[in-house]
Amino acid sequence: MKCVSSASLRPLRADAVRNREKILRAAAWVFAQRGLDATLDEIADAAEVGVATLYRRFPDKDALVAALFENSINEFAAIAERARDMHDSWEGFVWFLEEALDRQCVNRGLRDVVVGSPYAQEIMASAKARIVPVVMDLIQRAQRDGYLRADLVEADVSVLEMMISSLGGEVNQFAPGLWRRYLGIILDGLVVQREAPSELAPSQGGELVLNALHASKHAHA
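Here the structure is a predicted model, which means the values were calculated and not measured. (Residues numbered from 1 in each chain as written. Predicted model: local features only at pLDDT ≥ 70, side-chain atom pairs only at ≥ 80, totals over all residues. Heavy atoms only, no water.)

### Thoughts on the environment of L190
So, step 1. You can see L190 is positioned in helix α10 (residues 179-190).
So, step 2. The spatial distance from the C-alpha of L190 to the C-alpha of L152 is 8.0 Å, given a sequence separation of 38 residues.
So, step 3. What L190 contacts, discounting residues up to four positions off in sequence, is W90, F93, Y147, L148, R149, L152 and L160. (Helix = DSSP H or I, 4+ residues; strand = E, 2+ residues; numbered from the N terminus. Contact = heavy atoms within 4.5 Å.)

Structure, rendered in structure tokens:
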């Protein structure tokens, strides 16, 4: 039987917790900007901590990527659970989509990088097992209350999120918040009844969007 030292079970000191959070924030930014080729030295510089401090918290890059993804899972789960607890089921459903998409559009680069990690499949399976049941509760509650069309299934929500976040992630630098316009259009197609079409976010011009998509594709080429 493997013995675990009492030191390994002690909670991190306050300064160690702060350093860990600084490293995770810096890593999220660096990976999103530079991809998985970014070094731990670059991340330590961005976090303004010594390399030795980084290695004490994360022994290698995979451990750091796994921790980032775990943070994202925890955040999405908390959003879904809060939405499920809202009194109005339609407002909870809409709020969940807005909050989830806001994070996906802003952090799309990091999300794409994390998917390249060897831990991705295992972590994604764990994330789905934790989050999908809560999202199903959100959908079924809004359907029972007569707000959400009855033929919508969880896979539809995943596809819609992917569509909107793909656009939002590509043009966020040039047209931040544009994804909200397309979410509004889609929500009008999901709600059972409405008195009038929803007020949409500004279009920011079709030419601007097309130019933003074109510029983004060249940047990733």
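### Structural notes on the confidence of the model for the chain
So, step 1. In this model, the chain carries a mean pLDDT of 82, and residues with pLDDT of at least 70 account for 80%.
So, step 2. Within the chain, the lowest mean pLDDT, 44, falls on helix α1 (residues 6-9), and the highest, 94, falls on helix α3 (residues 40-47).
So, step 3. In this model residues 1-9 is a low-confidence stretch, pLDDT under 50, and it forms one contact with partners more than four residues away in sequence or in other chains. (pLDDT = per-residue confidence, 0-100.)

### Section: helix α2 (residues 14-34)
So, step 1. Taking 1.5 Å per residue as the helical rise, α2 with its 21 residues ought to reach 30 Å, and the 30 Å between its terminal C-alpha atoms agrees with that figure.
So, step 2. Taken together, the buried positions of α2 are occupied by A16, I23, L24, A26, A27, V30 and F31.
So, step 3. Where α2 terminates, the next one or two residues include G35, which has phi positive at roughly 85°. (Expected span 1.5 Å × (residues − 1). Buried < 20%, exposed > 50% of the residue type's maximum accessible area, 1.4 Å probe, protein only.)

### Section: the packing of helix α5 (residues 61-84) against helix α6 (residues 89-106)
Two packed helices can be described by the angle between their axes and the distance between those axes.
So, step 1. At their nearest, the axes of α5 and α6 sit 8 Å apart, and the two run at 165° to each other. In terms of axis orientation, α5 runs roughly antiparallel to α6. The two elements α5 and α6 meet at a crossing, and its hand is right-handed. Residue-level contacts link E75, F76, I79, A80, R82 and A83 of α5 to G92, W95, F96, E99, A100, R103 and Q104 of α6.
So, step 2. Among the residues making up the contact of α5 with α6, the classes are represented as seven nonpolar, two polar and four charged. (Axes fitted to C-alpha atoms, helices over the stretch in contact; angles between N-to-C directions. Parallel < 35°, antiparallel > 145°, perpendicular 65-115°, else oblique. Left-handed = near helix turned anticlockwise from the far one by under 90°. Nonpolar A, V, L, I, M, F, W, Y, C, P; charged D, E, K, R; others polar.)

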